[in-house]
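Here is what each chain is made of, one letter per residue.
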Amino acid sequence: MHPTRAESYDVVVVGGGSAGVAAAVAAARIGARTLLVEAAGFLGGASTLRNVLTYCGLYTLGPKPRPAVGGIAQEVLAALRALGALVGPKRFRGVFVVFDPEAVKRVLDDIALEAGVDVLLHALLIAAERDGNAVRAVRVQDRSGPRRIEARAFVDASGDCDLAYFAGASTRYGNRGFINMGTLGTRFGGIPREVPVSAARWSEAIREAKARGVPHLSKETGLVVRLPISGDVVAYLVAEEYDARDAASIGAAEMRGRRQAWTYLDVIRGIPGHGNAYLVSTGPEFGTRESRHVDALYQVTAEDLRSGARFPDGIALGAWASEFHDPATLGSSFEKPGSETYDIPLRALVSRDVSNLFAAGRTADGDRIAGASLRVMGTAFATGQAAGVAAAHFAAQGSVSADEVRKALAAQGALLDGENLPGPVAIEA
Ligand SMILES: Cc1cc2nc3c(=O)[nH]c(=O)nc-3n(C[C@H](O)[C@H](O)[C@H](O)COP(=O)(O)OP(=O)(O)OC[C@H]3O[C@@H](n4cnc5c(N)ncnc54)[C@H](O)[C@@H]3O)c2cc1C
């Protein structure tokens, strides 16, 4: 048996994706001793682990897009721009920016370390202990064995609700039987910069291949976009249905997905100018869009998105469309918010049955329609920052008030007032 190492923090954040990094940085900046636990060897979550290389949700979607997320997200954008690693905002259905994932790793390392966050990479959360209706400690595994880490407050930014589930908090998988389909983000090199890359042309080639009976192809349409720095092209086309909670299921999907990626490569090589295309990377992990959610004190609803709801405890603004990826049709919806933004209330981040547990990013509570909007990375930075502030307040005083959280978020540059957004931004061609 390996000895269990013991540590203690004010706030432990599980998951180092967009939401988790923002949560940990926000908590540390207001004085909480904060640990960020991440299973991978780098931060970024989907942006570095799953080839999801476009931040959505940062801008409103109308004819004159305006910033909808401030604070830590804007610091990340500025640092990426300074490295020449960000282009946009651009428009394709919605408004988004495109980035280089290696630069994201560096920028997130810097921002976490400068804030004084203790970052524990290569550390898998495997269990949680309860003390009444609170989480007392988590267990994290590395190659030396288990570590037991106590904290006063916890943020579940794992995407899959591993922390909430292991702690026995109320969670659910998907929404009433609906679950967004996963996609293996696929990155291609060898397409010269002067060759125009057209999603419509790729779709045409895929349709033609399917008509010829080529197997191992799924989606015909999806984002196809050139990256800064490398000039590589990333595409979200390879779709599979699987259960994200089950290693056998997701593992089999990974293998089928890689087979698909090679078939897509064959198909696009037939497009003029694409003859020397090659696969730079798949994933490396399959892109799970949806898994478990925390059952929170409030669930953001379709009606909230459609009406542009406002709440006194609003702690983030949702601006992205409801984009539900349907495994039955392989198609996706795109329902824009009824006004430029809708409020996400603090209650949608607070576990309904575990007092010191906060959700962030795609673990936050939204129904099938609203959840398919608020999960995107731009909004995940915002809910993450809010969850981090709330957890730090809870750790300091054993309770949390929405007014205090809103005040602290405003001081950290977060955008909370959907009726008074900053001025429009220029869209790149
Ligand atoms: C194919 C695809 C395309 C998408 N397109 C876009 C897009 O264009 N723009 C956009 O903004 N969003 C997009 N999304 C959605 C977006 O990527 C996610 O909703 C977003 O990344 C959520 O952020 P997060 O921080 O909550 O979770 P994640 O980014 O998933 O990060 C979770 C982190 O937790 C870690 N973790 C999980 N379990 C444990 C554990 N037990 N122990 C330790 N660490 C753990 C993971 O390793 C990971 O780093 C897309 C998603 C997919 C899959």
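Residues numbered from 1 in each chain as written. Predicted model: local features only at pLDDT ≥ 70, side-chain atom pairs only at ≥ 80, totals over all residues. Heavy atoms only, no water.

Novice: How do you make sense of the site of the ligand when you look at a structure like this?
Specialist: The full set close to the ligand counts 34 residues, and Glu-38, Arg-50, Thr-54, Arg-375 and Met-377 are the nearest of them. Interatomic distance of 2.9 Å between a backbone N/O atom of Ala-46 and an oxygen atom of the ligand. Here a nitrogen atom of the ligand and a backbone polar atom of Thr-54 are 2.6 Å apart. For the ligand, the accessible surface in isolation is 1000 Å², of which the surrounding protein chains cover 95%. For the shell around the ligand, the secondary-structure elements that each account for two or more residues are α1 (18-29), α2 (46-49), β3 (54-56), β7 (124-131) and α10 (377-397). Take the shell around the ligand: its biggest share by element is three residues, from β3. Tallied by class, residues from the shell around the ligand come to 17 nonpolar, 11 polar and six charged. (Near = heavy atom within 4 Å. Polar contact = N/O pair within 3.5 Å; in protein donor to acceptor, adjacent residues only side chain to side chain. Areas by Shrake-Rupley, 256 points an atom, 1.4 Å probe, with all protein chains shown as cover. Helix = DSSP H or I, 4+ residues; strand = E, 2+ residues; numbered from the N terminus. Nonpolar A, V, L, I, M, F, W, Y, C, P; charged D, E, K, R; others polar.)

Novice: I would appreciate a short explanation of the pairing of strand β5 (residues 94-99) in the present structure.
Specialist: Along any regular strand the residues' side chains alternate between the sheet's two faces. Of all six residues in β5, six are buried; the element is thus mostly enclosed. Note that β3 and β5 share three bridges and pair antiparallel. Looking at β5, one finds that Cys-56 is bridged to Phe-96. The pairing of strand β4 (residues 86-92) with β5 spans five bridges and is classified as antiparallel. The residue of β5 that forms the bridge with Lys-90 is Phe-96. As consecutive antiparallel partners, β4 and β5 are separated by one residue, and within that stretch Arg-93 has a phi angle of approximately 65°, a positive value. (Buried < 20%, exposed > 50% of the residue type's maximum accessible area, 1.4 Å probe, protein only. Pairing = 2+ DSSP bridges.)

Novice: I'm lost on the domain arrangement of the protein chain in this one. Help?
Specialist: It is common to give the size of an interface as the accessible area that goes away when the parts come together. Under the domain assignment, the protein chain is made up of domain 1 (5-176 + 292-411) and domain 2 (182-282). The interface is formed by 22 residues belonging to domain 1 together with 22 residues belonging to domain 2. Summed over both sides, the interface between domain 1 and domain 2 buries roughly 1700 Å², with carbon and sulfur atoms accounting for 62% of that surface. Considering only the side of domain 1, the residues that lose the most area to domain 2 are Asn-51, Tyr-173 and Leu-330, jointly responsible for 36% of the buried surface there. Every element with two or more residues in the side of domain 1 that touches domain 2 is listed here: β4 and β5. Considered class by class, the residues forming the side of domain 1 that touches domain 2 number 14 nonpolar, four polar and four charged. (Domains from an automatic or database assignment. Contact = heavy atoms within 4.5 Å. Buried area = accessible area lost by both parts, 1.4 Å probe.)

Novice: Help me understand the nonpolar core in this model?
Specialist: Across soluble globular proteins, you tend to see nonpolar side chains buried next to one another. Grouped together as the largest cluster of nonpolar side chains are 89 residues, with contacts concentrated most on Tyr-55, Val-76, Leu-80, Val-155, Ile-315 and Phe-358. Top contributing element to this core by residue count: α10, with 12 residues. With residues near it in sequence (within four places) discarded, Ile-315 still touches Ile-344, Pro-345, Leu-346, Leu-349, Ala-382, Ala-386, Val-405, Arg-406, Leu-409 and Leu-416. (Core = buried A, V, L, I, M, F, W, Y, C linked by side-chain atoms within 4.5 Å.)

Novice: Just checking my understanding: could you explain the environment of Gly-318 for this structure?
Specialist: Within the element layout of this structure, Gly-318 appears in strand β16 (residues 314-318). Expressed as a C-alpha distance, the spacing of Gly-318 and Tyr-342, which sit 24 residues apart in the sequence, is 5.2 Å.

Novice: Honestly, the sheet that holds strand β12 (residues 224-226) in this entry has me stumped. Any pointers?
Specialist: The strands making up a sheet associate through hydrogen bonds between their backbones, and the pairing can be parallel or antiparallel. Strand order in the open sheet formed by four strands is β12-β13-β11-β14, with antiparallel pairing between adjacent strands. A single partner strand is all that each edge strand has here, and the edge strands are β12 and β14 (278-282). For this sheet, the mean inter-axis angle between neighbouring strands, taken without regard to orientation, is 35°. With six bridges joining them, strand β11 (residues 182-189) and strand β13 (residues 233-240) adopt antiparallel strand pairing. Directly across from Thr-186, in β13, lies its bridge partner Ala-235. (Axes fitted to C-alpha atoms, helices over the stretch in contact; angles between N-to-C directions.)

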